[in-house]
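The lines below spell out each chain.
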Amino acid sequence: MSNLKLGVDVISAHNLLPKDGLGSSSALVELYFDGQRYRTTIKEKDLNPVWNESFYFNISDPSNLHYLTLDAYIYNHSRDTNSRSFLGKISLTGTSFVPYSDAVVLHYPLEKRGIFSRVRGELGLKVYITDDASIKSSTPLPAAESIANKDPNMEHGRGEAGLNPMTNSISTKKAEARHTFHHLPNPSHHHQHQHPQHPLAAPEVHHNVAKHGIDEMKADSQPTKLVRMYSASSAQPVDYALKETSPFLGGGRVVGGRVVRGDKTASTYDLVERMYFLYVRVVKARDLPAMDVTGSIDPYVEVKIGNYKGITKHFEKRQNPEWNQVFAFSKERMQASVLEVVMKDKDLVKDDFVGIVRFDISEVPLRVPPDSPLAPEWYRLENKKGEKIKGELMLAVWVGTQADESFSDAWHSDAATPIDSTPAASTVIRSKVYHAPRLWYVRVNVIEAQDLVPTEKNRFPDAYVKVQIGHQVLKTKPVQARTLNALWNEDLLFVAAEPFDDHLILTVEDRVGPGKDEIIGRVIIPLSAVDRRADDRMIHSRWFNLDKLVSVDVDQLKKEKFSSRIHLRVCLDGGYHVLDESTHYSSDLRPTAKQLWKPSIGLLELGILNAVGLHPMKTRDGRGTSDTYCVAKYGHKWVRTRTLVDNLSPKYNEQYTWEVFDPATVLTVGVFDNSQIGEKGSSNGNKDLKIGKVRIRISTLETGRIYTHSYPLLVLHPTGVKKMGELHLAIRFSCTSFVNMLYIYSKPLLPKMHYARPFSVMQLDMLRHQAVNIVAARLGRAEPPLRKEVVEYMSDVDSHLWSMRRSKANFFRLMTVFSGLFAVGKWFGDICMWRNPITTVLVHVLFLMLVCFPELILPTVFLYMFLIGIWNYRYRPKYPPHMNTRISQAESAHPDEMDEEFDTFPTTRNPEIVRMRYDRLRSVAGRIQTVVGDVATQGERFQALLSWRDPRATAMFVFFCLVAALVFYVTPFQIVAALTGFYVMRHPRFRHRLPSVPINFFRRLPARTDCML
């Protein structure tokens, strides 16, 4: 029986509705979950009751947890009549249940039970999962005491029980959460990675509730429902345009996004071409003969097919070694019909032959998942003459596809290199799945300090606080106090990643002189002990004693009656989404706190097929070549394909899957050249070179359609834009909940904390930089490492830097947005000039109809937009959008502008070039300054109409307003509107070349340009 339990801490309620007729309520909470019902104690006459009671529900089927619902009902209990009245309810789905280490107190707004219910207020709960076996089910109340039976409207569950609050404290366990990565839509094929989670080390400040850990949570896949959506794209030069392909994938031939010829033996890898590999698993050996004088052997195994050879690591002086290593040989590159597995003895001069096992490749069995793995067998070693000798080798040999579970960890013949065959080289060429750390914003509110003791007794301290987390350092403003107390009240923001290995270090320093600071005291706070919150609730502040860094006598410390103190409010903000990439290309918009996550709306499947026409990135043996791999990023999940060595047209054929929580997100796929293999890359000092990347916005994809396109890899160089090759991808977005997907379009793009307590632009840029550094450092410690330059390129860290090319591109984008408005203005100008009399007369008739029947204006506008949308449906884009060199102004950029864009920050160019660029920037800024000034002038002229700055003009305008008020009062509005419209659209014969009287009057009004220096 499972020990998994659902813990619910009922904390408090706020601003409840009075229901007892005396302006108050006697509230109780009833909880319903999985056929179980518990209730709290009754809080008499309190609209803001506090319970602090803990309840634990048995989870009968953990695999069904995500489909269960926790319901909490609040009632007002009347002791006189032994009845109750409804105050509100909340419902939480199983997808929001998190381990205890991730749980925080959330205050949920109360919901209505029916249309005519009247509720108000909030209920504070802390909901979590625990598997602590020491927690027992609570003692139910007697049936006579249960008042639940008397409510005919409530029909929840089969059992009724009450639970008394638990008072015993339970030891805290270390939690361990399991993250599941789905490579395939089939739930039987997935990778699981475990990351330790550290629960809070310090007791909670507000509520005394028990703490528990969780070991595992299981998630089931949801059925797929296909719904149609439509994409958008823009014009592109022919050489840089997308090319739609019709490849034969694992599910059949794809034509126009649909599979037109299916394959009966199709596997779950249906978005990639099926590739066959000969797999050889070398498990272990036993009873190997002695080869040295000392009677020992240093064995290793060499697996060989034709010119391809894979080697295991060798063991020193071991006759029963164990390797458990898998080798994969691509069948399309096989040049022999016999597989040779050779046992050798490692020697200083020449390795000795021990024995061999041969296999006829035509006799090797075929295995296709979900078949179980092939059982290895013992094979007797033979000598070169084919005679049986001492020693046995355990092997398993089979033919499989890339759907085999051994594919990712195997040594691949198409990724092997004769330049570097060391185990370290084989490590950096494997395909892997990475999970980026969960990031938190750390908010440190430095309030004040008391009893500061400066080093110089005859002066007051000029104090400031330096706060540090890892490599992040921020300082408050110095405060020159007239006492030994200092007041700052400043908020400092940092980024921290789970698990919280770093500490929060605060140092109070005294600025004695220019460039000379002395430390007054320091306090160190473990991040694991900091309170977490998922909303903008106030966190209680705390006083911390400052430790002196100087060495003092122990007896002296005992004599001291006080120490310097600092007043802080520190919390981990889980209600934000930590921005670790450019806002325009975000792949995840969920908040940090897991209990705020919504269910997924779909599944994104990516098949990385191949690349063609790649540009050589290095020279080897006198010829250009590349060692390429692909990296895909979406949400917290990063994937990396295997490195295909010495190949300008690599075939990857690897498929990966992500859960989609928001359609307004972007999938990024990059191609890189591996510089860590070979003689030059052995020191890991070279950076992996970028070849290009592709961005795909999920909202532009139709659901259920397979997009098979060849994407050009476009990269900007100082010499201009360059096509580095083409990447062939297959993409499919499947919707699991169409209603939820449509509902998301009405929700804010970011979590509500970004709007309740927004950050400044400077803070966001600084925090994004720190977040990228943390993610790059964490992924760089994986095996194989995902290097920093790869993470930065995929995250677009330099997108905020100044670029003349980007500025031009954004200006022309703005002009394109207003081009429709300009076209309407030009059309209306032609109407007014009577260029086409028939059209002008029809417009007059339509205008007169709208004036006479103003209720038709809005229906006409929306009907016109509806017809335009229906008409444009015929010409809807068929391809997903891709990087456009024309929109980016990459083709027309000046070489000096490109050189400026690739310049470092701060600049490394010579002073003459910097001076020329500075003067060019000044000229551009001067034009912008003139436009801004003209806009300000027009606004100030509007203000001058009634400001009496020009007394004659204001008097004339005031008198005109009085006359207009009288005229408009006695004249129907339709007549005024009709006369105004006919006057504006009058025939050119009745027009003058000079400006009209109102324009002349407006241009004569004064502005504040006279006050400018």
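Throughout, residues of each chain are indexed from 1 in the direction in which the sequence is written. Only residues with pLDDT of at least 70 are given local features in this predicted model, and only at 80 or more are side-chain atom pairs given and counted; all residues enter the totals for whole chains, interfaces and linings. Excluded from the side-chain calculation are hydrogens and water; included are all heavy atoms of the structure.

S.K.: Help me understand the overall build of the chain, please; the structure alone is not making it clear to me.
M.R.: Counting from the N terminus, the helices are the DSSP runs of H or I reaching at least four residues and the strands are the DSSP runs of E reaching at least two. Each helix and strand counted, the chain has 15 helices and 44 strands in total. Three labels apply to residues, based on accessible area from a 1.4 Å probe with only protein chains included: buried if under 20% of the type maximum, exposed if over 50%, partly exposed otherwise in between. By the burial criterion, 46% of the 1013 residues in the chain qualify as buried. For this analysis, residues touch if any pair of their heavy atoms sits within 4.5 Å. Long-range contacts, defined here as pairs at least 24 residues apart, represent 70% of the contacts in the chain between residues at least 6 apart. Every accessible area reported is derived by Shrake-Rupley at a probe size of 1.4 Å, with residue values counting cover from the shown protein chains alone. Accessible surface, the chain: about 53,000 Å² in total, of which carbon and sulfur atoms supply 57%.

S.K.: Please clarify how a positive patch on the surface should be interpreted in this entry.
M.R.: Like charges are joined within 9 Å and nonpolar side chains (Val, Leu, Ile, Met, Phe, Trp, Tyr) within 5 Å, but only among residues with over 30% relative accessible area and no salt bridge; these make up the patches. Take a side-chain nitrogen of Lys or Arg and a carboxyl oxygen of Asp or Glu: if they are within 4 Å of each other, that pair is a salt bridge. Residues scored as positive are Lys and Arg, those scored as negative are Asp and Glu, and His as well as the terminal groups of each chain are ignored. Charge positions come from single atoms, namely NZ of Lys, CZ of Arg, CG of Asp or CD of Glu. A cluster of basic side chains, namely Lys19, Arg113, Arg118 and Arg120, defines a positive patch on the protein surface. With respect to the helices, strands and loops of the structure, Lys19 is situated in the loop between strand 1 (5-14) and strand 2 (27-33). Exposure remark for Lys19: the relative accessible area of 32% places this residue in the partly exposed category.

S.K.: What is the right way to read the packing of helix 8 (residues 819-832) against helix 9 (residues 837-852) from this model?
M.R.: Between two packed helices, both the angle of their axes relative to each other and the distance between the axes serve to describe the pair. In the contact formed by helix 8 and helix 9, the axes pass within 9 Å of each other and the chain directions differ by 100°. One way to sum up the angle between helix 8 and helix 9 is to call them roughly perpendicular. Within the contact between the two elements, helix 8 uses Trp827, Asp830 and Ile831 and helix 9 uses Thr839, Thr840 and Val843. A per-class count over the contact of helix 8 with helix 9 returns 3 nonpolar, 2 polar and 1 charged. Between the N-to-C directions of two axes lies an angle of 0 to 180 degrees, each axis being a line fitted to C-alpha atoms and, for a helix, fitted only over the stretch in contact. Roughly parallel means an angle under 35 degrees; roughly antiparallel, over 145; roughly perpendicular, 65 to 115; everything else is oblique. Any residue that is not Ala, Val, Leu, Ile, Met, Phe, Trp, Tyr, Cys, Pro, Asp, Glu, Lys or Arg is counted as polar, Gly included; the first ten are nonpolar and the last four charged.

S.K.: Is there a simple way to explain the packing of aromatic side chains in this structure?
M.R.: The geometry of an aromatic ring pair is captured by two quantities: the separation of the ring centres and the angle between the planes. For Phe, Tyr and Trp, where Trp contributes only its six-membered ring, two rings pair if their centres lie within 6.5 Å, and the inter-plane angle classes them as stacked under 30 degrees, edge-to-face over 60, or tilted in between. A complete count under the given rule lists 27 aromatic pairs for this structure. Arranged with centres 5.6 Å apart and planes meeting at 70°, the rings of Phe811 and Phe812 form a pair that is edge-to-face. Sitting over a ring, as applied to charges here, requires NZ of Lys or CZ of Arg to be within 6 Å of the ring centre and within 35 degrees of the ring normal. Sitting above the plane of the Tyr75 ring, Arg84 keeps its charged end 4.0 Å from the centroid. When the ring centre of Trp658 is taken as reference, the NZ or CZ atom of Lys637 above it lies at 5.3 Å.

S.K.: What exactly am I supposed to notice about the packing of helix 5 (residues 761-779) against helix 6 (residues 788-795) here?
M.R.: Interaxial distance between helix 5 and helix 6 falls to 9 Å at its minimum, and their mutual angle equals 140°. In terms of orientation, helix 5 and helix 6 fall into the oblique class. The chirality of how helix 5 crosses helix 6 is right-handed. Residues Val772, Asn773, Val775, Ala776 and Leu779 of helix 5 lie in contact with helix 6, whose contacting residues are Lys788, Val791, Glu792 and Ser795. Its residues placed into classes, the contact of helix 5 with helix 6 shows 5 nonpolar, 2 polar and 2 charged. Throughout, a crossing is termed right-handed when the near helix is turned clockwise from the far one, and left-handed when it is turned anticlockwise from it by less than a right angle.

S.K.: Looking at this structure, I do not really get the environment of Ala496. What am I missing?
M.R.: Looking at the secondary structure, you find Ala496 in strand 29 (residues 486-497). Of the residues examined, Ala496 reaches a relative accessible area of 3% and is grouped as buried. Separated by 31 residues in the primary sequence, Ala496 and Leu527 have C-alpha atoms spaced 8.5 Å apart. Those residues in contact with Ala496 that lie beyond four places of it in its chain are Arg438, Leu439, Trp440, Val442, Leu527 and Ile774.

S.K.: What am I meant to see in the pattern of salt bridges here?
M.R.: One side chain can pair with another of opposite charge once the charged atoms of both are near each other. All told, the structure shown has 55 salt bridges when counted by the stated rule. The partner of Asp573 in a salt bridge is Arg443, with the nearest N and O atoms 2.8 Å apart. Separated by 130 residues along the polypeptide, Asp573 in strand 34 (residues 565-573) and Arg443 in strand 25 (residues 439-450) bring together distant segments of the chain. Taken as a pair, Asp573 and Arg443 share a single burial class, namely buried. The partner of Glu912 in a salt bridge is Arg915, with the nearest N and O atoms 3.0 Å apart. Here Glu912 pairs with Arg915, and both are found in helix 12 (residues 911-944), just 3 residues apart, close to one helical turn. The class of Glu912 is exposed, set by a relative accessible area of 55%. By sharing partners, the salt bridges in this structure join Asp896, Asp899, Glu900, Asp903, Arg909, Arg917 and Arg920 into a single network.

S.K.: Can you walk me through helix 9 in this structure?
M.R.: Think of an α-helix as turning once every 3.6 residues; residues three or four places apart then point the same way. In a helix, the anticipated span is given by 1.5 Å times the number of residues less one. Its 16 residues give helix 9 an end-to-end C-alpha distance of 23 Å, which sits within 8% of 22 Å, the value for a rise of 1.5 Å per residue. Residues of helix 9 that are buried make contact with helix 8 and helix 14 (973-984).

S.K.: What is the right way to read the sheet that holds strand 1 from this model?
M.R.: The strands that make up a sheet are held in pairs by hydrogen bonds between backbone atoms, and each pair lies either parallel or antiparallel. Ordered by their spatial adjacency, 4 strands build an open sheet running 4-1-8-7, and the pairing between neighbours is antiparallel. Of all the strands in the sheet, the pair left with one neighbour each is strand 4 (50-58) and strand 7 (106-109). Across the sheet, the axes of successive neighbouring strands diverge by a mean angle of 30°, strand direction being ignored. Here, a strand pair is defined by DSSP locating no fewer than two bridges between the strands.

S.K.: Any chance you could explain the nonpolar core here in plain terms?
M.R.: Within soluble globular proteins, side chains that are nonpolar generally end up buried alongside one another. Counting residues in hydrophobic clusters, the biggest one holds 66 residues, and the most contacted among them are Leu604, Leu606, Trp638, Trp658, Leu727, Leu729 and Ile731. By nonpolar core is meant a set of buried Ala, Val, Leu, Ile, Met, Phe, Trp, Tyr and Cys residues that side-chain atoms within 4.5 Å join together. In this structure, Trp51, Leu65, Ile129 and Ala593 belong to the second largest nonpolar core, which totals 36 residues.

S.K.: I'm lost on unusual backbone geometry in this one. Help?
M.R.: Across the chain, the bulk of peptide bonds are trans and the bulk of non-glycine residues have phi less than zero. Cis geometry is found at the peptide bond from Glu498 to Pro499, where omega equals -10°. Secondary-structure assignment places Pro499 in the loop between strand 29 and strand 30 (503-513). The residue after Glu783, namely Pro784, is reached through a cis peptide bond having omega 0°. Tracing the chain through its elements places Pro784 in the loop between helix 5 and helix 6. Of note, Asn489 is a non-glycine position whose phi angle comes to about 55°, a positive value.

S.K.: In this structure, what is going on with helix 14? I would like to understand it.
M.R.: Compared with an ideal rise of 1.5 Å per residue, which puts 12 residues at 16 Å, helix 14 spans 17 Å between its outermost C-alpha atoms and is within 8% of the ideal. Residues of helix 14 that are buried in the fold lie against helix 9 and helix 13 (951-970).

S.K.: Before we go on, may I ask you to explain a nonpolar patch on the surface in this structure?
M.R.: Taken together, the side chains of Phe811, Phe812, Leu814, Met815, Val817, Phe818, Leu821 and Phe822 present a nonpolar region at the surface, about 810 Å² in accessible area. Contributing elements (two or more residues each) for the nonpolar patch: helix 7 (804-817) and helix 8. With 5 residues, helix 7 is the largest single contributor of residues to the nonpolar patch. Here Leu814 is to be found in helix 7.

S.K.: So what exactly am I meant to see when it comes to the confidence of the model for the chain here?
M.R.: Caution is warranted with low-pLDDT regions, since their predicted coordinates should not be read in detail. Model confidence for the chain is summarised by a mean pLDDT of 82, while 86% of its residues fall at 70 or above. This stretch, residues 142-234, has a pLDDT under 50; its non-local contacts, to residues over four places away or in other chains, come to 256 contacts. The predictor rates its confidence in each residue with pLDDT, a number between 0 and 100.

S.K.: I'm lost on the environment of Thr294 in this one. Help?
M.R.: In this structure, Thr294 sits in the loop between strand 15 (276-286) and strand 16 (299-305). Residue Thr294 is classed as exposed on the basis of its relative accessible area of 62%. As a C-alpha pair, Thr294 and Lys317 span 23 residues in sequence and 9.3 Å in three-dimensional space.

S.K.: I'm lost on the sheet that holds strand 43 (residues 706-717) in this one. Help?
M.R.: If you trace the 5 strands from one edge of the open sheet to the other, you get 11-43-44-35-40, paired in antiparallel fashion. Edge strands, defined here as strands with exactly one partner in the open sheet, are strand 11 (243-244) and strand 40 (651-660). Note that strand 35 (residues 602-612) and strand 40 share 8 bridges and pair antiparallel. For Ile608, the partnering residue across the bridge sits in strand 40 and is Glu654.

S.K.: So what exactly am I meant to see when it comes to the pairing of strand 30 here?
M.R.: Each regular strand shows side chains that alternate between the opposite faces of the sheet. Relative to strand 30, strand 26 (residues 462-469) runs antiparallel, the two being bridged by 7 bridges. Within strand 30, the residue paired with Ile469 across the bridge is Leu504. Relative to strand 31 (residues 516-526), strand 30 runs antiparallel, the two being bridged by 10 bridges. Bridging across to strand 31, Ile505 finds its partner in Ile524. Hairpin connection from strand 30 to strand 31: 2 residues lie between these consecutive antiparallel strands, with Gly515 at a positive phi of about 75°.

S.K.: Explain the environment of Thr95 to me, please; I cannot follow it from the model alone.
M.R.: Tracing the backbone through its elements, the reader meets Thr95 in the loop between strand 6 (83-93) and strand 7. Accessibility expressed as a relative area gives 23% for Thr95, which makes it partly exposed. Between the C-alpha atoms of Thr95 and Leu596, which are 501 residues apart in sequence, the distance is 9.4 Å. Residue contacts for Thr95: discarding those within four places in its chain leaves His66 and Pro599.

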